Amino acid sequence: MSEVGAGQPRPAVRVNRKAAERVLSGHPWIFTSDVTDRDGAQPGAAVTVLDHRGRLLGTGHYSSTSQIALRMVSRQVEEIGRDFYLRRLRAAADHRRRVVRDSDACRVVHGEADLLPALVVDRYADYLVIQTLDQGMDAAKSEIVSCLEEIFQPKGIVARNDVPVRAKEQLPLEAGVLSGEVPGPVCVRMNGLTLQADLLHGQKTGIFLDQRENYRAAVRYARGGRVLDCFTSTGGFALHLASRSQSVEAVDSSAAALVTARANASANAIANIEWTEADVFELLSGYASARRQFDLIVLDPPAFAKSRQSLDAAARGYKDINLRALRLLGAGGILVTCSCSHHMSEALLLEVVAQASLDAGRTLRVLERRTQAQDHPILLTVPETHYLKCLIFEVV
């Protein structure tokens, strides 16, 4: 047993050499197969982590059901309580004050990348949305909410714990208001636009915050022509591109998302977007047969690769969607293509698009290789924190 804080004993969980090397290489996850002695650790408990020789590795949250049995929250042996969370949350908030511009909506905590594994906090103007995605963070939810109230004084805090990953922790899937009040959709500012965010029912925690900087990048290549925005969701790319385009067609299979997208267009007095409810794959094939042409196409699909095992099938899907889009672009056309699958590396996405370009008979010039917005930071030694790829090409 190890002693922490005011002498309260807590379990000392031992792990094998492989896990110790992983932690020492900068990665916070330890898998259940690498735990050799749990020392009676209870679900969600903060535990001292020891290597195979009994040397201290730090402090972790223990999960009794997930394949990720331990998530390291500190390289020190320390008490994990309100003071700890307050320090980490203040540091995360300070980073956002440095990097977020022209928006009152941003990600405040990006899990492992903010040294708070399995915790997500998003800010929408005067409201916060949190996700506690493992047993440890879920057990600390009341302390985390208390810290967030002290730092931000929000009008309301919502829990969006209706995500499938919580099932691996045997945690209930639920969404609701934890603190204050949330009056239906919340209006936020982003890059000069007013957008609606449905904090209780919208995709992710309300809207896609991770593309904020990529929206502005795409606008630089809009030259007054015809734009096709595929998988538009609530209209992020389409709304940004409209001011620099003759016309925009925005496509999504979700009728509910398009209702919000139309409301966003109306709120910003944007009238040159046609909203189309359709299957994107089928629509692109039909447009190719009809010899339709566009000047700029955006592909921002949902994650095709949900696991490493599905990567080959996902790669085929990404190739197919890019091939169909490239057939609609002529010389000088711009392709903005994205992947939010962290299993899909940038190198593999580049390879897939290269194959699609050859099959489509198009030569592509790489204009930009981008990633998620800076409020979704990436840790160099934790590749899972780098999930969004955004590549911008020009047809030569």
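(A) Representation of the sheet that holds strand β13 (residues 174-180) within the structure. Taken in spatial order, the 5 strands make up an open sheet running β9-β10-β11-β12-β13, and their pairing is mixed. Every other strand in the sheet has two partners, leaving β9 (105-110) and β13 as the edge strands with one partner each. Adjacent strand axes in the sheet meet at a mean angle of 20°, parallel and antiparallel pairs treated alike. Two elements, β9 and strand β10 (residues 119-124), share 5 bridges in a ladder whose sense is antiparallel. Within β10, the position partnered with His 110 by the bridge is Val 120. Each of β9 and β10 touches helix α2 (residues 82-99); the most contacted strand, β9, lies at about 140° to it. The strands touched by helix α4 (residues 141-152) within the sheet are β9, β10, β11 (127-132), β12 (156-161) and β13, with β11 carrying the most contacts at an inclination of about 155°.

(B) Local environment of the packing of aromatic side chains. On inspection of all chains with the given rule, the structure shows 3 aromatic pairs. Centroid distance Phe 84 to Tyr 85: 5.4 Å. Interplanar angle 80°. Geometry classified as edge-to-face. Grouping residues by exposure puts Phe 84 and Tyr 85 together as buried.

(C) Main features of the pattern of salt bridges. The full count for this structure, using the stated rule, is 29 salt bridges. Salt-bridge contacts for Asp 320 lead to Arg 324; the nearest nitrogen and oxygen are separated by 2.8 Å. Pair noted here: Asp 320 and Arg 324 are both in helix α9 (residues 311-326), with a separation of 4 residues, about one helical turn. Exposure remark for Asp 320: the relative accessible area of 26% places this residue in the partly exposed category. Residues joined in a network through salt bridges with shared partners are Arg 71, Glu 112, Asp 134 and Glu 169.

(D) Local environment of the nonpolar core. The biggest cluster of nonpolar side chains holds 43 residues, and the ones touching the most others in it are Tyr 124, Leu 199, Leu 241, Ile 273, Trp 275, Leu 296 and Val 336. Sequence-distant contacts of Val 336, defined by excluding residues within four places in its chain, comprise Ala 218, Phe 237, Leu 296, Ile 297, Val 298, Leu 299, Cys 390, Leu 391 and Ile 392. Counting 32 residues, the second-largest nonpolar core is a separate cluster that includes Tyr 287, Ala 314, Leu 323 and Met 344.

(E) Broad picture of the sheet that holds strand β5 (residues 35-37). The 6 strands lie next to each other as β4-β8-β7-β6-β3-β5, forming an open sheet whose pairing is mixed. The open sheet terminates on both sides in strands that have one partner only, identified here as β4 (29-31) and β5. Strand-to-strand twist across the sheet, computed as the mean angle between neighbouring axes with direction ignored, equals 40°. Of the pairings in the sheet, the one linking strand β6 (residues 46-50) to strand β7 (residues 56-62) comprises 5 bridges and is antiparallel in character.

(F) Layout of the side chain of Ser 339. Summarising the element assignment, Ser 339 is placed in strand β20 (residues 329-339). The exposure class assigned to Ser 339 is buried, which follows from its relative accessible area of 0%. A polar atom in the side chain of Ser 339 sits 3.0 Å from the side chain of Tyr 318. Polar contacts involving the side chain of Ser 339 include one to the main-chain amide nitrogen of Ser 341, which spans 3.3 Å. Contact partners of Ser 339, with chain neighbours within four places excluded, come to Tyr 318, Met 344, Leu 349, Tyr 387, Leu 388 and Lys 389.

(G) Inspection of helix α1 (residues 17-24) at higher detail. Burial in α1 covers these residues: Ala 19, Ala 20 and Val 23. For α1, the angular spread of the buried residues around the axis is 100°, confining them to a single face. Buried-residue contacts for α1 involve β3 (12-15), β4, β7 and β8 (68-74). The residue sitting at the N-terminus of α1 and contributing the capping side-chain oxygen is Asn 16; that oxygen lies 3.2 Å from the backbone nitrogen of Lys 18. Count one or two residues on from α1 and you reach Gly 26, which has phi positive near 105°.

(H) Just the confidence of the model for the protein chain, in detail. Averaged over all residues, the pLDDT of the protein chain is 95; the fraction at 70 or higher stands at 97%. Every residue in residues 1-7 scores below 50 in pLDDT, and together they form 19 contacts with partners more than four places removed in sequence or on other chains.

(I) Summary view of the environment of Arg 71. The residue Arg 71 is located in strand β8 in this model. The class of Arg 71 is buried, set by a relative accessible area of 8%. Between the alpha carbons of Arg 71 and Gly 54 there is a distance of 18 Å; along the sequence they are 17 residues apart. Beyond its immediate chain neighbours, meaning those up to four positions away, Arg 71 contacts Pro 28, Trp 29, Thr 59, Gly 60, His 61, Glu 112, Pro 117, Ala 118, Asp 134 and Glu 169.

(J) Layout of the packing of α2 against α4. Relative orientation of the contacting elements α2 and α4 amounts to 45°, with a least axis distance of 9 Å. Here α2 lies oblique to α4, going by the angle between them. Note on packing geometry: the crossing formed by α2 with α4 is right-handed. Contacts between α2 and α4 involve Arg 82, Tyr 85, Leu 86, Leu 89, Arg 90 and Ala 93 from the first element and Glu 143, Ile 144, Ser 146, Cys 147, Leu 148, Glu 150, Ile 151 and Phe 152 from the second. A class-by-class count of the residues in the contact of α2 with α4 yields 9 nonpolar, 1 polar and 4 charged.

Reading the values: the criteria
- Residues numbered from 1 in each chain as written.
- Predicted model: local features only at pLDDT ≥ 70, side-chain atom pairs only at ≥ 80, totals over all residues.
- Heavy atoms only, no water.
- Pairing = 2+ DSSP bridges.
- Helix = DSSP H or I, 4+ residues; strand = E, 2+ residues; numbered from the N terminus.
- Axes fitted to C-alpha atoms, helices over the stretch in contact; angles between N-to-C directions.
- Contact = heavy atoms within 4.5 Å.
- Phe/Tyr/Trp six-rings, centres within 6.5 Å; stacked < 30°, edge-to-face > 60°.
- Buried < 20%, exposed > 50% of the residue type's maximum accessible area, 1.4 Å probe, protein only.
- Salt bridge = Lys/Arg side-chain N within 4 Å of Asp/Glu carboxyl O.
- Core = buried A, V, L, I, M, F, W, Y, C linked by side-chain atoms within 4.5 Å.
- Polar contact = N/O pair within 3.5 Å; in protein donor to acceptor, adjacent residues only side chain to side chain.
- Arc of directions from axis to C-beta.
- pLDDT = per-residue confidence, 0-100.
- Parallel < 35°, antiparallel > 145°, perpendicular 65-115°, else oblique.
- Left-handed = near helix turned anticlockwise from the far one by under 90°.
- Nonpolar A, V, L, I, M, F, W, Y, C, P; charged D, E, K, R; others polar.

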